[in-house]
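If you want the building blocks of each chain, they are given just below.
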Amino acid sequence: MGVRAIAQMELPPRPELFDFHGVSMVHYFTDNWDNVQNFQARPDDILIATYPKAGTTWVSHMLDLMYFGKSSPERAASVPIYERVPFLEFCVQGMPTGVELADKTTLSPRLIKTHFPVQFVPKSFWEQNCRIIYVARNAKDNVVSYFHFDRMNKVEPEPGDWPSFLQRFQEGKMVFGSWYDHVKGWWEKKKSNPKILYLFYEDLAEDMGCELDRVCNFLGVSLNEEDRSWVKQAVGFDAMKNNSMANYSTIGVMDFKISPFMRKGKVGDWKNHFTVSQNEEFDEQYKLKMADTSLCFRTEI
Ligand code: PPS
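Residues numbered from 1 in each chain as written. Predicted model: local features only at pLDDT ≥ 70, side-chain atom pairs only at ≥ 80, totals over all residues. Heavy atoms only, no water.

S.K.: What is the right way to read the pairing of strand β6 (residues 196–200) from this model?
M.R.: Side-chain direction in a regular strand flips from residue to residue, so the side chains alternate between the two faces of the sheet. With respect to burial, β6 is a largely interior element, five of its five residues being buried. Of the two faces of β6, both are covered, the one formed by I196, Y198 and F200 as well as the one formed by L197 and L199. Sheet analysis places strand β5 (residues 131–136) next to β6, joined by five bridges and oriented parallel. Note that in β6 the partner of I132 across the bridge is I196. (Buried < 20%, exposed > 50% of the residue type's maximum accessible area, 1.4 Å probe, protein only. Helix = DSSP H or I, 4+ residues; strand = E, 2+ residues; numbered from the N terminus. Pairing = 2+ DSSP bridges.)

S.K.: Can you walk me through the sheet that holds β5 in this structure?
M.R.: Sheets are built from strands that pair by backbone hydrogen bonding, the pairs being arranged parallel or antiparallel. The parallel open sheet is built from four strands, whose spatial order is β4-β3-β5-β6. Strand pairing shows two members of the sheet lacking a second neighbour, β4 (111–114) and β6, which therefore form its edges. For this sheet the average axis-to-axis angle between neighbouring strands, irrespective of direction, equals 20°. Against the sheet, helix α2 (residues 56–69) contacts β3 (46–50), β4, β5 and β6, and its axis sits at roughly 165° relative to β3. Of the strands in this sheet, β3, β5 and β6 touch helix α11 (residues 208–219), which is tilted by about 175° from β6. (Axes fitted to C-alpha atoms, helices over the stretch in contact; angles between N-to-C directions. Contact = heavy atoms within 4.5 Å.)

S.K.: Teacher, can you tell me more about unusual backbone geometry here?
M.R.: Cis geometry marks the peptide bond from S108 to P109; its omega dihedral reads 0°. Tracing the backbone through its elements, the reader meets P109 in the loop between α5 (98–103) and β4. Of note, the phi angle at H21 is positive, near 50°, even though the residue is not glycine. Along the chain, the position of H21 falls in the loop between β1 (18–20) and β2 (23–25). A positive phi is found at N129, a non-glycine position, where the angle reads about 60°. The residue N129 is located in the loop between α6 (123–127) and β5 in this model.

S.K.: Help me understand the site of the ligand in this model?
M.R.: Close to the ligand lie 22 residues; T56, T57, S145, Y201 and K264 are nearest. Contact distances for the ligand include 3.1 Å between an oxygen atom and a side-chain N or O atom of K113. In the model, an oxygen atom of the ligand is placed 2.7 Å from a nitrogen or oxygen of the K264 main chain. Here the ligand has 640 Å² of accessible area as a free molecule, and 98% of this is covered by the chains. Of all elements in the fold, only α2, α7 (139–152) and α13 (237–241) reach the threshold of two or more residues within the shell around the ligand. Of the residues forming the shell around the ligand, the biggest block, three residues, is contributed by α2. Of the residues in the shell around the ligand, the class split is 10 nonpolar, seven polar and five charged. (Near = heavy atom within 4 Å. Polar contact = N/O pair within 3.5 Å; in protein donor to acceptor, adjacent residues only side chain to side chain. Areas by Shrake-Rupley, 256 points an atom, 1.4 Å probe, with all protein chains shown as cover. Nonpolar A, V, L, I, M, F, W, Y, C, P; charged D, E, K, R; others polar.)

Structure follows, in C-alpha cells:
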C-alpha cells in the first residue's frame, strides 16, 4: 500500500510515551528497531538528522532539489517529500517503513531523514563514513512548533494543554527525548567527526544564500547561479507551503484543520505563546541544562 493510502485508514488511538534505552519514544519509531539498526548505509548516503520540528523538511527539500531538481523535475513535482527523503525509523501499519523506502531507492545519493539522538544512529552510517547534516532550532520556537504538531498529528501522543506540554518538554518527556540531550549529543559528536555539518534553523531563516553555499561546500556540489537562485526560491516558506509535495498535505495522519504542517516558519514565534513567568522559568532551567556546552542559540534574529 502506498504512503498516501493512509488517508483512507482508521488509525488506532494516540500512542503513549515510554522509556526506550533511556529516551522517551512511541512505538511507531521503535517497532522496526532491529531492521533500522541493521540498516545498510551506502558510503554516499546523506543523513539529515534533527530533533523534531527543527527544519527537517526545509533541508530535505533543499537537498533533494540540489541533487535531483533539474535532472528529474518530475520527481519534485509528483513525489511527496516523505517518499523522496525516507524517514528511517518510521513504522506505521499500512504504510511502507522508512527502511523499505530507503532500500528501494535507486537514485544516488540517497537522502535519509532521522530524528534519532546520536546514540541511536545505526552503526553502518558511521562505518561507511556517511555525510550527515544536523539541523538544530532554538528551544523556545522548537517547543512551540512541536506543540502545534502534536495537536494535529495522530501518530503523536496527546499534547495536553500548553503549560503541561512546556513542562514535559523541559523534563525531556517528548517523542525522541530531551531537546537538550539531542542538540548537545550531536554537537559533541560533530567535534570529532568532520562528516557532520551542524546547521541552525535561525541561520537558514536569516540568510538562506549563505547557508546554501555552506551546504554545497560541505557536500561538494556546485550549483550555477541560475540553479542556486532557483533552489533558494523553491525553499522559501511560501513556496513550500503552497507545494503539496513539500507541505505534507497528502498524508492522512495529520489534521490541517487543527494546524497546518507549514505553520508559521518564523524565528521568535515563541513570544506569542510564552507568558512572562513561563519565559523566566524556562530561562532559569535552560541556563542550568546548557551550562555544560559551548552550543549557543538565537531566539530572535
Ligand atoms: S518534522 O515533522 O519534524 O519533520 O518537522 P520539521 O520539518 O523539522 O519542522 C517543521 C517546522 O519547520 C518549518 N519550516 C520552515 N520554516 C521556514 N521556511 C521554510 N521553508 C520551512 N519549511 C518548514 C515549519 O513551518 C515548522 O515550523 P513552525 O514554527 O511550526 O511553522
